[in-house]
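# Tertiary structure, described
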Amino acid sequence: MRGGTININKRRRLEYNQKENYDECWKISHKYSSILMKNINSGDLYNICCSIYGQYLTELKSNGLQLRDKKCNNKKYIQVWLTMLNTVRKGEVEKQAIRLLHQTNCQRSC
């Protein structure tokens, strides 16, 4: 019976750590989307977006946080950035894409 309790506690601790990491990823994403919002009226928006996205990925990696799930799919906090980058790259509604990214981050990180 005791071994089962240890496994349950281990799973709970693992799930808690995963949730903490997930929340941390959204908080970091919010930090970088805020920087992007401050530069939304700058020229060459696509290069600025790529640069800030690169800084975001670097911080995630340096904190040992996951970019992909077990099936090698991008995590949602990565996918929202990729969607924004693709939209900005195409030259379609760039500012709206950045605002949507930031709004999503605000909702997820608060």
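First things first, this report covers the structure right here in the doc. (Residues numbered from 1 in each chain as written. Predicted model: local features only at pLDDT ≥ 70, side-chain atom pairs only at ≥ 80, totals over all residues. Heavy atoms only, no water.)

This brings us to unusual backbone geometry. The phi dihedral of D44 falls on the positive side, at around 55 degrees, and the residue is not glycine. Within the fold, D44 resides in the loop between α1 (2–38) and α2 (45–62). (Helix = DSSP H or I, 4+ residues; strand = E, 2+ residues; numbered from the N terminus.)

In terms of nonpolar packing, the biggest core is built from 23 residues, with L36, C49, Y56, L60, W81, M84 and I98 touching the most fellow members. Among the elements of the structure, α1, α2, α3 (76–89) and α4 (94–109) are those that each provide at least two residues to this core. Take this core: its biggest share by element is 7 residues, from α2. Apart from the residues lying within four places of it in its own chain, the contact partners of W81 are S29, Y32, S33, L36, I52, Y53, Y56, L101 and N105. (Core = buried A, V, L, I, M, F, W, Y, C linked by side-chain atoms within 4.5 Å. Buried < 20%, exposed > 50% of the residue type's maximum accessible area, 1.4 Å probe, protein only. Contact = heavy atoms within 4.5 Å.)

What follows concerns the layout of surface pockets. Each pocket or cavity is described by its volume, and for the largest pocket that value is around 270 Å³. What lines the largest pocket is a set of 13 residues, among which Q18, K19, Y22, Q66 and K75 lie closest to the centre. If you tally residues by element for the lining of the largest pocket, the top one is α1, at 6 residues. The residue makeup of the lining of the largest pocket, split by class, is 4 nonpolar, 4 polar and 5 charged. (1 Å grid on protein atoms, 1.4 Å probe; cavity = no way out; pocket = protein on both sides within 12 Å on 5 of 7 lines; lining within 4 Å. Points joined across faces, edges and corners; volume = space filled by probe spheres on them. Nonpolar A, V, L, I, M, F, W, Y, C, P; charged D, E, K, R; others polar.)

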